[in-house]
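Chain by chain, the residues:
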Amino acid sequence: MAPRIDHYQWPGGREALLRFGPDHGPVVIALLPLFEEANRTRTFTVGLLRKLADRGIAGLLPDLPGQGESLVPLAALTVAAMTEAVAALADRCDAEGSQVYTLGIRSGALLDTQARLGGRWRFSPQTGDELLRELRRVWQAAGQRGGAEAMTDPGAGPIEIAGNRLSPPLLASFAGATPFDQPGVPRRVIRLATDPAPADRRIDAAPLWRRTEPGDDPALAALLADDIAQWLAACAA
């Protein structure tokens, strides 16, 4: 089944999304990594959602405020706006009678803190501080000087990192942020074998977000789709 173009409303306006799989049953909202990493992982995530659809699981790939085709200016973006949009989409799915889960990849795992969910499945989740360190390395590699203080100076204007104009208040809001761990709500963390951070399972695969160009790994997508399907079945038991 081909993905269908849809949209959703949040308090700040209307955003596009791609819908995969059936219209009923559990639904997984995929949250891409932020900024330049999303461009490198979107093809892979679409393939993963297709494989979930083949297993009878619905998937949504939303454009969040300031990301994808959103009309919200990136320089005016806030983390609160993105988490509010995810919460609004989750509430819509819940109102339609679906049990809602998120699939957070890398920094995308930081964006479901306000959503009411049946569970959170995460692939190589990042903290906000880890995201800031990645962005700082990219910024400095482009010839910029200064550390985190220069990036988050409230008196400075937006700075450009890998083609993204990011405001200091936005960058500062990531400091100390961690993926939400809600007591009593199922959570599963998958990491690469080379990642020493805590995980429920480790997988031997290449990190797509390290590539200079967008990439894909159908075998990894199939493996993760099986893991998600088994986890959802356990959540529903």
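Residues numbered from 1 in each chain as written. Predicted model: local features only at pLDDT ≥ 70, side-chain atom pairs only at ≥ 80, totals over all residues. Heavy atoms only, no water.

Caption draft 1: Molecular detail of the layout of surface pockets. Approximately 440 Å³ is the volume found for the largest pocket. For the largest pocket, the lining is made up of 24 residues, of which Pro125, Glu130, Arg191, Asp195 and Ala197 are closest to its centre. A total of four residues in the lining of the largest pocket trace back to one element, the largest contributor, which is strand S9 (residues 187-192). Among the residues forming the lining of the largest pocket, the class breakdown is nine nonpolar, five polar and ten charged. Looking at the second largest pocket, its volume works out to about 280 Å³. Sorting the residues of the lining of the second largest pocket by element identifies strand S3 (27-31) and helix H1 (36-54) as the ones contributing at least two each. The element that contributes the greatest number of residues to the lining of the second largest pocket is H1, accounting for four residues. Per-class residue counts for the lining of the second largest pocket are ten nonpolar, five polar and three charged. (1 Å grid on protein atoms, 1.4 Å probe; cavity = no way out; pocket = protein on both sides within 12 Å on 5 of 7 lines; lining within 4 Å. Points joined across faces, edges and corners; volume = space filled by probe spheres on them. Helix = DSSP H or I, 4+ residues; strand = E, 2+ residues; numbered from the N terminus. Nonpolar A, V, L, I, M, F, W, Y, C, P; charged D, E, K, R; others polar.)

Caption draft 2: Representation of empty space enclosed by the protein in the model. Across all of its chains, the model carries one cavity of 30 Å³ or more by this definition. Approximately 30 Å³ is the volume attributed to the largest cavity. What lines the largest cavity is Leu34, Glu36, Glu37, Gln126, Leu131, Glu134 and Leu135. When residues in the lining of the largest cavity are grouped by element, the largest group, three residues, is from helix H3 (residues 128-141). Its residues assigned to classes, the lining of the largest cavity comprises three nonpolar, one polar and three charged.

Caption draft 3: Examining the sheet that holds strand S6 (residues 119-123) more closely. Taken together, eight strands build an open sheet; the order of strands is S1-S2-S4-S3-S5-S6-S9-S10 and the sheet is mixed. The open sheet has two edge strands with one neighbour each: strand S1 (4-10) and strand S10 (201-203). Adjacent strand axes in the sheet meet at a mean angle of 25°, parallel and antiparallel pairs treated alike. Examined bridge by bridge, S1 and strand S2 (residues 13-20) share seven bridges and lie antiparallel to one another. Among the inter-strand pairings, Asp6 is bridged to a residue of S2, identified as Leu17. Packed on one face of the sheet, helix H2 (residues 79-95) meets S1, S2, S3, strand S4 (58-62) and strand S5 (100-105) and runs near 110° to S1. (Pairing = 2+ DSSP bridges. Axes fitted to C-alpha atoms, helices over the stretch in contact; angles between N-to-C directions. Contact = heavy atoms within 4.5 Å.)

Caption draft 4: Here's a closer look at the side chain of Glu15. As for its placement among the helices and strands, Glu15 is situated in strand S2. One buried charged residue, Glu15, forms no salt bridge at all, with the nearest opposite charge on Arg14 at 8.5 Å. Engagement of the side chain of Glu15 in a polar contact is seen with the side chain of Trp10, the distance being 3.3 Å. Polar contacts involving the side chain of Glu15 include one to the side chain of Ser70, which spans 3.1 Å. Setting aside its immediate chain neighbours within four residues, Glu15 contacts His7, Tyr8, Trp10, Asp63, Pro65, Ser70, Leu71 and Val72. (Buried < 20%, exposed > 50% of the residue type's maximum accessible area, 1.4 Å probe, protein only. Lys, Arg positive; Asp, Glu negative; His and termini not counted. Salt bridge = Lys/Arg side-chain N within 4 Å of Asp/Glu carboxyl O. Polar contact = N/O pair within 3.5 Å; in protein donor to acceptor, adjacent residues only side chain to side chain.)

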